[in-house]
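# Coordinate inspection notes
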Amino acid sequence: MSFTQVSPAPARLSRSTLAVPGSQTKFFEKAAKGLADVIFLDLEDAVSPEEKPSARKNVVEALRDLDWGAKTLSVRINGLDTHYAYRDIIDLVELSGERLDLILIPKVGTASDVYAVDMLLTQAETAMGRKKRIGLELQIETALGLQNIHEIAGASKRIESLHFGSGDFAASTGARNTSIGGSNPDYAVLTDKDAEGNRATHWQDMWHYALARLVVAARANGLRPIDGPYGDFSDPEGMRVAAKRSAALGFAGKMVIHPSQIAIANECFSPPPAEVEKARRILAAMEKGRRQGQGAVSLDGKLLDIASIRQAEVLVKTAAMIEGAS
Ligand code: COA
Ligand code: MG
């Protein structure tokens, strides 16, 4: 292991992060009572310019007055290139009470973007005597953001997670996507001809590079990597495959845009029971070895290395959080 110690962000369940437009107050109650691990109330792209002030007011009131249970609550502020963002931050800290956990910054491009929000938040929190420090979630959804992701990921102690956003990322890079977070038949390879001269087309995952880069930057800084939404909410099969794919890559969860996607995300980002069981056996074997003063410990005829023990600890902790939430 490196001599550099990375401290992990506070542990939170974040298998599903439900998008709720700040202008749609009719969704708030349903979101609060639903099974999403995290709710994000949106002030950015799901809200039209005419509705920005009223959406901000709705969100402030909902944070203060609604019972959100034990859910993690986040608000997506407007982009730092708009004239809405400073007022979003100030009103959230000054008017919404202490319930808010996180602020999601969209389209982060440089580490200075994060520094600027941290500075403003710190002043506002101190002036208000706020006890709970608001954490930051960062959406990486532009070419600039992905280019600078390593500096961005280490830009503030408030950062807890990095989120991918495929729709804006495609717009920024000029990628030709067909649906948000979906696949594209043009991003494919052809096999060589077989004996009969036939060739097969294999679709590829056009998001792989961005997702893999984001997961590394997040994990290297102790942050949670969260995949962006799957836009076609009438396609549960496509959503499930996309969620399983990012879970396999190391993502902790996925943003969802419709209540029907919550259960799929919760299932796909929960560790499989067999893996949790094995992790518990690994930790038990370690504990037994420690009590007996053994340096090296084995399980099922295989030596247990430090990496598999760490992985087992994370799995068991996540499983305990899931049991506590259900
Ligand atoms: N949060 C909470 N509840 C939601 C919801 C959401 N995001 N989306 C839908 N619902 C509720 C509806 O109110 C409805 O409730 P009811 O059965 O009690 O009447 C139920 O879920 C079924 O909704 P449905 O009729 O299928 O969808 P819709 O046409 O009302 O809304 C969208 C579809 C896509 C407009 C809506 O889901 C939405 O706005 N999602 C968020 C999009 C977003 O924020 N995008 C940007 C961020 S990535
Ligand atoms: Mg976006």
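Read on for a plain summary of the structure. Quick caveat: nothing in here was measured; it's all calculated off a predicted structure. (Residues numbered from 1 in each chain as written. Chains lettered and ligands numbered in written order. Predicted model: local features only at pLDDT ≥ 70, side-chain atom pairs only at ≥ 80, totals over all residues. Heavy atoms only, no water.)

### Thoughts on the overall build of the chain
Counted only if it meets this: Numbering of helices and strands runs from the N terminus, with a helix taken as a DSSP run of H or I at least four residues long and a strand as a DSSP run of E at least two residues long. Relative accessibility under 20% of the residue-type maximum defines a buried residue, over 50% an exposed one, and the middle range a partly exposed one, all with a 1.4 Å probe and only protein chains included. Contact between two residues is taken to exist if any of their heavy atoms lie within 4.5 Å; hydrogens are not considered. Residue burial considers only the protein chains on display, and all accessible areas are found by Shrake-Rupley using a 1.4 Å probe. For the charge count, each Lys or Arg is scored as positive and each Asp or Glu as negative, with His and the chain ends excluded. Just so you know, the charge point we use is NZ for Lys, CZ for Arg, CG for Asp and CD for Glu.
Along the backbone of the chain there are 12 helices and 12 strands. The buried share of the chain, taken over its 326 residues, is 45%. The long-range fraction of contacts in the chain, counting pairs at least 24 apart against all pairs at least 6 apart in sequence, stands at 72%. Looking at the chain as shown, the accessible area adds up to about 17,000 Å², and 55% of this sits on carbon and sulfur atoms. Once the 39 positive and 41 negative side-chain charges of the chain are each reduced to a mean point, those two points are 5 Å apart.

### Re the packing of helix 2 (residues 52-65) against helix 3 (residues 85-95)
Quick note on the threshold: Orientation is described by lines fitted to C-alpha atoms, with helices fitted over the stretch in contact, and by angles between N-to-C directions that extend from 0 to 180 degrees. Each angle gets one of four labels, with under 35 degrees taken as roughly parallel, over 145 as roughly antiparallel, 65 to 115 as roughly perpendicular, and the rest as oblique. Crossings are assigned a handedness: left-handed for a near helix turned anticlockwise from the far helix by less than a right angle, right-handed for a clockwise turn. Residue classes follow a fixed rule: Ala, Val, Leu, Ile, Met, Phe, Trp, Tyr, Cys and Pro count as nonpolar, while Asp, Glu, Lys and Arg count as charged, and any other residue, Gly among them, counts as polar.
Orientation of helix 2 relative to helix 3, taken along the N-to-C sense of each, is 25°, at an axis distance of 10 Å. Taken together, helix 2 and helix 3 sit at an angle that is classed as roughly parallel. Relative to helix 3, helix 2 is oriented so that their crossing is right-handed. Together, R56, V59, V60, L63 and R64 of helix 2 and R87, D88, D91, L92 and L95 of helix 3 make up the contact between the two elements. Looking at the contact of helix 2 with helix 3, its residues break down into five nonpolar, no polar and five charged.

### Observations concerning the sheet that holds strand 4 (residues 102-105)
Selection criterion: Whether two strands pair depends on DSSP finding at least two bridges between them.
Strand order in the closed barrel formed by eight strands is 1-2-3-4-5-6-9-10, with parallel pairing between adjacent strands. Taking each pair of neighbouring strands and ignoring which way they run, the sheet shows an average axis angle of 25°. Alignment of strand 1 (residues 16-21) against strand 10 (residues 253-256), held across three bridges, turns out to be parallel. Across the sheet, the residue bridging to L18 is V256, located in strand 10.

### Remarks on the coordination of the magnesium ion (ligand 2)
As a reminder of what qualifies: Water is absent from the atoms considered, so a metal site may look incomplete; donors are defined as N, O and S atoms within 2.8 Å of the metal, or 3.2 Å for Na, K and Ca.
E141 (OE) and D168 (OD) make up the full set of protein donors to the magnesium ion (ligand 2), lying at 2.0 to 2.2 Å. Here E141, found in the loop between strand 5 (135-140) and helix 5 (143-147), pairs with D168, found in helix 7 (residues 166-173); they are 27 residues apart in sequence, far enough to count as distant.

### Let's talk about the environment of R291
Here R291 shows up in helix 11 (residues 273-291). Residues R291 and L95 lie 196 residues apart in sequence; the distance between their C-alpha atoms is 53 Å.

### Details of the pairing of strand 4
Regular strands have side chains that alternate between both faces of the sheet. Heads up, the condition is: Seen with the strands pointing away from the viewer, any crossover whose path from the first strand over the helix to the second strand runs clockwise is right-handed.
Because side chains alternate across strand 4, one face comprises the buried residues L102 and L104, and the other comprises I103 and I105, equally buried. Two strands pair when backbone bridges link them, and strand 3 (residues 72-76) and strand 4 are joined in this way by three bridges, in the parallel orientation. Note on strand 4: the bridge partner recorded for S74 is L102. Between the parallel pair strand 3 and strand 4, the chain is carried across by helix 3, and the sense of this crossover is right-handed. The pairing of strand 4 with strand 5 spans four bridges and is classified as parallel. Paired with L102 across the strands is G135, a residue of strand 5. In the classification by handedness, the crossover that spans strand 4, the intervening helix 4 (residues 111-128) and the parallel strand 5 is right-handed.

### Details of the nonpolar core
The nonpolar side chains of a soluble globular protein tend to be buried with one another. Note the threshold: The nonpolar core is taken to be a set of buried Ala, Val, Leu, Ile, Met, Phe, Trp, Tyr and Cys residues, with the residues joined through side-chain atoms within 4.5 Å.
Ranked by size, the top nonpolar core spans 63 residues in total, and within it I39, L41, W68, I103, L138 and L162 carry the most contacts. No other element matches helix 8 (residues 208-220), which puts six residues into this core. Dropping the residues within four chain positions of it, L138 is found in contact with L104, I105, V108, V114, I152, I159, S161, L162 and H163. Listed in part, the 10 residues of the second largest apolar core include A279, I282, L299 and A312.

### Here we look at the site of ligand 1
Just so we agree on the cut-off: Being near a molecule or strand, for a residue, comes down to having at least one heavy atom within 4 Å of it. Think of a polar contact as two N or O atoms within 3.5 Å of one another; within protein, one of them needs to be a possible hydrogen donor and the other a possible acceptor, and neighboring residues in sequence only count if both atoms come from side chains.
The environment of ligand 1 is formed by 14 residues, the closest being A19, F27, K30, I257 and H258. Within the side chain of K30, an N or O atom sits 3.4 Å from an oxygen atom of ligand 1. The side chain of H258 places a nitrogen or oxygen atom 2.7 Å from an oxygen atom of ligand 1. Burial of ligand 1 by the protein chains amounts to 58% of its free accessible area of 890 Å². For the shell around ligand 1, the secondary structure elements donating two or more residues are strand 1 and helix 1 (25-33). In terms of residues, the shell around ligand 1 owes the most to one element, strand 1, which gives four residues.

### Comments concerning the packing of aromatic side chains
Filter applied, for reference: Two rings from Phe, Tyr or Trp (for Trp, the six-membered ring) form a pair when their centres sit within 6.5 Å of each other. Planes less than 30 degrees apart are called stacked, planes more than 60 degrees apart edge-to-face, and all others tilted. Two conditions define a charge sitting above a ring: the NZ of Lys or the CZ of Arg must be within 6 Å of the ring centre, and it must be within 35 degrees of the ring normal.
Counted under the stated rule, the structure contains two aromatic pairs. Taken together, the aromatic side chains of F164, F169 and W207 make up a single cluster linked through ring pairs. Above the face of the Y84 ring, K52 is positioned so that its terminal group lies 5.5 Å from the ring centre.

### Details of the environment of S54
Positionally, S54 belongs in helix 2. Judged by its relative accessible area of 39%, S54 is partly exposed. With 23 residues separating them in the primary sequence, S54 and A31 have C-alpha atoms 19 Å apart. Of note is the side chain of S54, whose polar atom sits 3.1 Å from the backbone oxygen of E51.

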